[in-house]
Amino acid sequence: MPPWELPTAAVAVAHAAFGDLDAARRCENGLNVPHGRSAGFADLASYLTGARP
């Protein structure tokens, strides 16, 4: 699977679920596409606040 097809937001949420917020942040910051990065951070924030998508 090419790197651009990896579910980065899901990986970041998994890091957050295990309590590693620094790894979650690094995972999202590693995206070089602003739209993808903002969507990933939105998913992460949604998870952390308990909001439903």
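Quick summary incoming for the structure in this document. (Residues numbered from 1 in each chain as written. Predicted model: local features only at pLDDT ≥ 70, side-chain atom pairs only at ≥ 80, totals over all residues. Heavy atoms only, no water.)

**Notes on the overall build of the chain**
Now for step 1: Helix and strand counts for the chain stand at 3 helices and 0 strands.
Now for step 2: The linear arrangement of helices and strands in the chain, starting from the amino end, is α-α-α. (Helix = DSSP H or I, 4+ residues; strand = E, 2+ residues; numbered from the N terminus.)

**As for the nonpolar core**
Now for step 1: Grouped together as the largest cluster of nonpolar side chains are 5 residues: A12, V13, A16, A24 and L44.
Now for step 2: Broken down by element, this core gets its largest block of residues, 3 residues, from helix α1 (residues 8-17).
Now for step 3: Here V13 is in contact with D43, L44 and Y47, once residues within four sequence places are set aside. (Core = buried A, V, L, I, M, F, W, Y, C linked by side-chain atoms within 4.5 Å. Buried < 20%, exposed > 50% of the residue type's maximum accessible area, 1.4 Å probe, protein only. Contact = heavy atoms within 4.5 Å.)

**A short note on the packing of α1 against helix α3 (residues 34-49)**
Now for step 1: Put simply, α1 and α3 touch, their axes get as near as 9 Å, and they point 30° apart. Taken together, α1 and α3 sit at an angle that is classed as roughly parallel. Between α1 and α3 lies a crossing whose hand is right-handed. Along the contact surface, α1 presents A9, A12, V13, A16 and A17, while α3 presents G40, D43, L44, Y47 and L48.
Now for step 2: In terms of residue class, the contact of α1 with α3 is made up of 8 nonpolar, 1 polar and 1 charged. (Axes fitted to C-alpha atoms, helices over the stretch in contact; angles between N-to-C directions. Parallel < 35°, antiparallel > 145°, perpendicular 65-115°, else oblique. Left-handed = near helix turned anticlockwise from the far one by under 90°. Nonpolar A, V, L, I, M, F, W, Y, C, P; charged D, E, K, R; others polar.)

**With respect to the side chain of E28**
Now for step 1: With respect to the element layout, E28 can be found in helix α2 (residues 21-29).
Now for step 2: No salt bridge is formed by the buried E28, whose closest oppositely charged neighbour, R37, lies at an N-O distance of 7.7 Å.
Now for step 3: The contact partners of E28, leaving out residues within four places of it in the chain, are T8, A9, A12, G36, R37, G40, F41 and L44. (Lys, Arg positive; Asp, Glu negative; His and termini not counted. Salt bridge = Lys/Arg side-chain N within 4 Å of Asp/Glu carboxyl O.)

**Digging into the packing of α1 against α2**
Now for step 1: Viewed as axis vectors pointing N to C, α1 and α2 meet at an angle of 170°, and their least axial separation amounts to 7 Å. Accordingly, the angle class assigned to the pair α1 and α2 is roughly antiparallel. Remark: the crossing between α1 and α2 carries left-handed chirality. Residues T8, A9, V11, A12, H15 and A16 of α1 pack against L21, A23, A24, C27 and E28 of α2.
Now for step 2: Here the contact of α1 with α2 is composed, by residue class, of 8 nonpolar, 2 polar and 1 charged.

The analysis is restricted to geometry; functional conclusions fall outside its scope.
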